[in-house]
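What follows is each chain in one-letter form.
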Amino acid sequence: MKLIKQTRRTAYFVAGWIFLGLGFIGIFLPLLPTTPFLLLTAFCFARSSIRWHKWLLAQPHMGPLILDWQKHGVIRTRAKLMATGLMVPLVSLSLFFGNVPLYAKICAAVVCTCVLVFIWTRPSQATDRRASKRHIDIPE
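For the structure given in this document, a descriptive report is provided here. (Residues numbered from 1 in each chain as written. Predicted model: local features only at pLDDT ≥ 70, side-chain atom pairs only at ≥ 80, totals over all residues. Heavy atoms only, no water.)

## Observations concerning the side chain of Ser48
Filter applied, for reference: Each helix corresponds to a stretch of at least 4 residues labelled H or I by DSSP, and each strand to a stretch of at least 2 residues labelled E; elements are numbered beginning at the N terminus. Pairing of N or O atoms within 3.5 Å defines a polar contact, subject to two protein rules: one partner must be a possible hydrogen donor and the other a possible acceptor, and residues neighboring in sequence count only if both atoms are side-chain atoms. The contact rule is simple, with two residues in contact once any of their heavy atoms fall within 4.5 Å.
Take Ser48: it is sitting in helix H2 (residues 34-48). A polar contact of 2.9 Å, which involves the side chain of Ser48, links it to the backbone oxygen of Cys44. Those residues in contact with Ser48 that sit more than four places away from it in its chain are Arg9, Tyr12 and Phe13.

## A look at the packing of H2 against helix H3 (residues 50-58)
Rule in force here: Note on definitions: angles span 0 to 180 degrees between N-to-C directions of axes, and those axes are lines fitted to C-alpha atoms, for helices only across the stretch in contact. In this scheme the crossing of two helices becomes right-handed for a clockwise turn of the near helix relative to the far one and left-handed for an anticlockwise turn of less than a right angle. Each residue is assigned to one class: nonpolar for Ala, Val, Leu, Ile, Met, Phe, Trp, Tyr, Cys and Pro, charged for Asp, Glu, Lys and Arg, and polar for all the others, Gly among them.
Interaxial distance between H2 and H3 falls to 6 Å at its minimum, and their mutual angle equals 150°. As H2 runs across H3, the sense of the crossing is left-handed. Contacts between H2 and H3 involve Leu38, Thr41, Ala42, Phe45, Ala46 and Ser48 on the former and, on the latter, Ile50, Trp52, His53 and Leu56. Grouping the constituent residues of the contact of H2 with H3 by class yields 7 nonpolar, 3 polar and no charged.

## Thoughts on the packing of helix H1 (residues 2-26) against H2
Here is the rule we go by: Note on angle classes: values under 35 degrees are labelled roughly parallel, values over 145 roughly antiparallel, values of 65 to 115 roughly perpendicular, and the remainder oblique.
Contact geometry for H1 and H2: axes closest at 8 Å, N-to-C directions at 160°. By the angle between their axes, H1 is roughly antiparallel relative to H2. For the element pair H1 and H2, the recorded crossing hand is left-handed. Touching Arg9, Tyr12, Phe13, Ala15, Gly16, Trp17, Phe19, Leu20, Leu22, Gly23 and Gly26 of H1 are Thr34, Phe37, Leu38, Leu40, Thr41, Phe43, Cys44, Phe45, Arg47 and Ser48, all from H2.

## Concerning the pattern of salt bridges
Oppositely charged side chains are able to pair whenever their charged atoms sit close together. Our working definition: Salt bridge, as applied in this entry: a Lys or Arg side-chain nitrogen positioned within 4 Å of an Asp or Glu carboxyl oxygen. The rule is simple: take the accessible area with a 1.4 Å probe, protein chains only, and divide by the maximum for that residue type; under 20% is buried, over 50% is exposed, in between is partly exposed.
This model, assessed by the stated rule, comprises 1 salt bridge. Between Arg76 and Asp68 there is a salt bridge, and its shortest N-O distance comes to 2.4 Å. Arg76 gets classed as partly exposed once you look at its relative accessible area, which sits at 37%.

## Looking at the layout of surface pockets
To keep things clear, this is the line we draw: Site definitions follow a grid-based scheme: protein atoms alone, a 1 Å grid, a 1.4 Å probe that fits but cannot get out for cavities, and for pockets an open set with protein on both sides within 12 Å along at least five of seven lines, plus lining residues having an atom within 4 Å of a point. Grid points are joined across faces, edges and corners, and a volume is the space filled by probe spheres set on the points.
Taken as a whole, the largest pocket encloses approximately 1200 Å³ of empty space. Contributing to the lining of the largest pocket are 37 residues, with Thr34, Thr35, Leu38, Leu65 and Ala79 lying nearest its centre. Within the residue set of the lining of the largest pocket, elements represented by two or more residues are H1, H2, helix H4 (63-72), helix H5 (77-97) and helix H6 (102-121). A per-element tally of the lining of the largest pocket places H5 first, with 7 residues. Here the residues of the lining of the largest pocket sort into 28 nonpolar, 6 polar and 3 charged.

## Let's talk about the nonpolar core
Applicable threshold: In these notes, a set of buried Ala, Val, Leu, Ile, Met, Phe, Trp, Tyr and Cys residues joined through side-chain atoms within 4.5 Å is what counts as a nonpolar core.
Listed in full, the 8 residues of the largest apolar core are Leu20, Leu38, Ala42, Phe45, Leu56, Leu57, Met62 and Ile66. Of all the elements in the fold, those that place two or more residues in this core are H2 and H3. The element that contributes the greatest number of residues to this core is H2, accounting for 3 residues. Non-local contacts of Leu38, meaning those with residues more than four positions away in its chain, are made with Leu20, Leu56, Met62 and Ile66. Ranked by size, the runner-up nonpolar core spans 6 residues in total, among them Leu95, Ala108, Cys112 and Leu116.

Here you go:
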């Protein structure tokens, strides 16, 4: 039983680093969204390593956004605007000036639209009612 538990923790830990790497790459590639990978990283680190989970949450640019999502299901307006401001121009350039097949352009447009719809349908601020329903204890 202990071996299974340790194997599971190791798998979460490795997955956390993979998701963190994909999130980092997503900073530069418009169709690879950073935020979902950071949330997956936090999920994996919370189940594998308290130390690395605390490290992730202590990061000045990532930590507050992850905590907002974990505690309240919130994506801040500034983050929504930044995501939109980066995705739309970069995807538009590849759609109009890229020498790629039509199906790839359609897939890029659909993915970008779905991601933006998801982002903009999330709340921008926590409410007391929502906070009490989605509360997650974060280790000190």
